[in-house]
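# Notes for the structure review
Chain by chain, the residues:
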Amino acid sequence: MSHSIKNQLSWLTAHLVVALASMVGIGGATRVMEAGLACPDWPLCYGYLLPGPQMNIPVFLEWFHRLDAFLIIVALLILLTQSVLWRHVLPQWLPWISGFMLVLVAFQAGLGALTVLRLLSSDVVTAHLAIALLLVATISACHQGLIFTSNKISANSNRNAYLKPGVKFIPYTISHRWWTYFAALTTIVVYTQCLLGGLMATQRATQLCVQKGTLCRWLYSHEIGGIVTTLCITIFVIVSLINSEWSRNQWPLLSFAILSIVMQILLGTVSMRLVLSAPGVTVAHQITAAILIAVLSALTTRGFLTTSTVLSTRPSPLLGGS
């Protein structure tokens, strides 16, 4: 039963990763389409749960963004409730992480209200994005933790099947600790670059730089940050491929990271050339950033958590050996 509940919650967290990345994308679409104030009140929209008479594309985007956030809150409440009810068979950290994410979502909702009340203030909108990306990274890490504990149960079952007198199992860390720190650093670099892009977008730095020659420092900073981010991810992937068998086995996620950064460069370049006049390109740029955060967070978590067991032929005193 414990294995079943872990699988169910793993399924839930996997879907939450998708839902949170989508929320970032929908939020980007809301900003690009200038729909952030399409609903003049909060949490309702024109005083209704479903604003039928006033419904148009901007109103739909803002309303759907709030609906996605509401569904995420419900899913996190289910995760927290289950993690508390089954705390005797689930990881001890799960209720705390679930509660932490609920606090973040509540804070996110407060920031969402402020974006309406303060008429899309740049600092509030950027903080809104920062919390959203932190939620993406956290739920991705949570998902990897649940996968790890489920796999650990299977490994322990196999271990007991082959246990012999005079033989003991010695746990060892497969991933190198410095590799994990490198993964964490890369995640932080990407996260910072995303926030820099958010600040640039909320201040309309691209349009103002092209049209009036002002606020160009934000645009140049984002471009330099893009170069640093690309180098950091590229070096991280190359080091992973030559480091050890364990890090090479992470190739599916590593290849996704490379694909994401290539897509980011292409989408960012096109978006700049069009001076953010193509909403679809800008939204895709933001969704890809959220996916990249999720992938790097997953790799970092795997590095911290991944351990295994190996057979040792050395006699164990606990098993009667000398």
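The structure we're discussing is the one just above.
Below is a summary of the structure that appears in this document. Each chain has its residues counted from 1, running along the sequence as written. With the structure being a predicted model, the display of local features is reserved for residues of pLDDT at least 70 and the display and counting of side-chain atom pairs for 80 or more, all residues being used for whole-chain, interface and lining totals. In computing side-chain properties, one takes all heavy atoms of the structure into account and sets aside hydrogens as well as water.

### Side note on the overall build of the chain
The following threshold applies: Per the convention used, a helix needs a DSSP run of H or I reaching at least four residues, while a strand needs a run of E reaching at least two, with both numbered from the N terminus. Accessibility here uses a 1.4 Å probe with only protein chains present; expressed as a share of the type maximum, an area under 20% marks a residue as buried, one over 50% as exposed, and anything in between as partly exposed. Residues are treated as being in contact if the distance between any of their heavy atoms lies within 4.5 Å. Here, Shrake-Rupley sampling with a 1.4 Å probe gives the accessible areas, and only protein chains in the shown set may cover a residue.
When its secondary structure is counted, the chain shows 10 helices and 2 strands. Counting the 322 residues in the chain, one finds 45% classified as buried. Sequence-distant contacts in the chain: of pairs separated by 6 or more residues, those separated by 24 or more amount to 77%. Total accessible area computed for the chain in this model is approximately 16400 Å², and 70% of it derives from carbon and sulfur atoms.

### A closer look at the packing of aromatic side chains
Here is the rule: Between 30 and 60 degrees the pair is tilted, below 30 it is stacked and above 60 it is edge-to-face, where a pair is any two Phe, Tyr or Trp rings, Trp via its six-membered ring, whose centres lie within 6.5 Å.
In total, this model carries 6 aromatic pairs according to the counting rule given. Measuring from centroid to centroid gives 5.6 Å for phenylalanine 60 and phenylalanine 64, while their planes differ by 20°, and the two rings are stacked. Here phenylalanine 60 pairs with phenylalanine 64, and both are found in helix 2 (residues 57-85), just 4 residues apart, close to one helical turn. The exposure class of phenylalanine 60 is partly exposed, given its relative accessible area of 39%. Here the aromatic rings of tyrosine 181 and phenylalanine 304 are separated by 6.2 Å at their centres, their planes lie at 65°, and the arrangement is edge-to-face. Of this pair, tyrosine 181 sits in helix 5 (residues 177-202) while phenylalanine 304 sits in helix 10 (residues 279-305), placing them 123 residues apart in sequence.

### Points about the environment of leucine 90
The topology assignment puts leucine 90 in the loop between helix 2 and helix 3 (93-117). Considering only alpha carbons, one finds leucine 90 and leucine 146, 56 residues apart in sequence, at a separation of 8.6 Å. Not counting the four nearest positions on each side in its chain, leucine 90 is found in contact with Ile5, Lys6, Leu9, Gln82 and Ser83.

### Some remarks on the environment of methionine 101
For methionine 101, the location among the structural elements is in helix 3. Owing to a relative accessible area of 0%, methionine 101 belongs among the buried residues under this scheme. When the C-alpha positions of methionine 101 and isoleucine 73 are compared, they lie 9.1 Å apart, and in sequence the two are 28 residues distant. Filtering out sequence-adjacent residues up to four positions away, methionine 101 remains in contact with Leu76, Leu79, Leu135, Thr138, Ile139 and Cys142.

### Details of helix 7 (residues 216-243)
Applied cut-off: By definition here, a helix of n residues has an expected span of 1.5 Å times n minus one.
With 28 residues, helix 7 should reach 40 Å at 1.5 Å per residue; the first-to-last C-alpha distance of 40 Å fits that figure. Residues of helix 7 that are buried include every one of Cys216, Trp218, Leu219, His222, Gly225, Thr229, Cys232, Ile233, Phe236, Val237, Val239 and Ser240, and no others. Against the buried residues of helix 7 lie helix 5, helix 6 (205-212), helix 8 (245-248), helix 9 (251-273) and helix 10.

### Here we look at the packing of helix 5 against helix 10
Note the following rule: To get an axis, fit a line to the C-alpha atoms, keeping to the stretch in contact for a helix; angles then go from 0 to 180 degrees between the N-to-C directions. In these notes the angle categories are as follows: under 35 degrees is roughly parallel, over 145 is roughly antiparallel, 65 to 115 is roughly perpendicular, and the rest is oblique. Helix crossings fall into two classes, left-handed where the near helix is turned counterclockwise from the far one by less than a right angle and right-handed where it is turned clockwise. By the convention adopted, Pro, Cys, Tyr, Trp, Phe, Met, Ile, Leu, Val and Ala count as nonpolar, Lys, Arg, Asp and Glu as charged, and the other residues, Gly among them, as polar.
Contact geometry of helix 5 with helix 10 gives a least axis separation of 8 Å together with a crossing angle of 160°. The angle between the axes of helix 5 and helix 10 places the two elements in the roughly antiparallel class. Crossing hand, helix 5 versus helix 10: left-handed. Residues Arg177, Trp179, Thr180, Tyr181, Ala183, Ala184, Thr186, Thr187, Val190, Tyr191 and Cys194 of helix 5 form the contact with helix 10, whose own contacting residues are Ala289, Leu292, Ile293, Leu296, Ser297, Leu299, Thr300, Gly303 and Phe304. Here the contact of helix 5 with helix 10 is composed, by residue class, of 13 nonpolar, 6 polar and 1 charged.

### Re the environment of threonine 306
Relative to the assigned elements, threonine 306 resides in the loop between helix 10 and strand 2 (307-312). In sequence terms threonine 306 and glutamine 144 are 162 residues apart; their C-alpha atoms lie 9.8 Å from each other.

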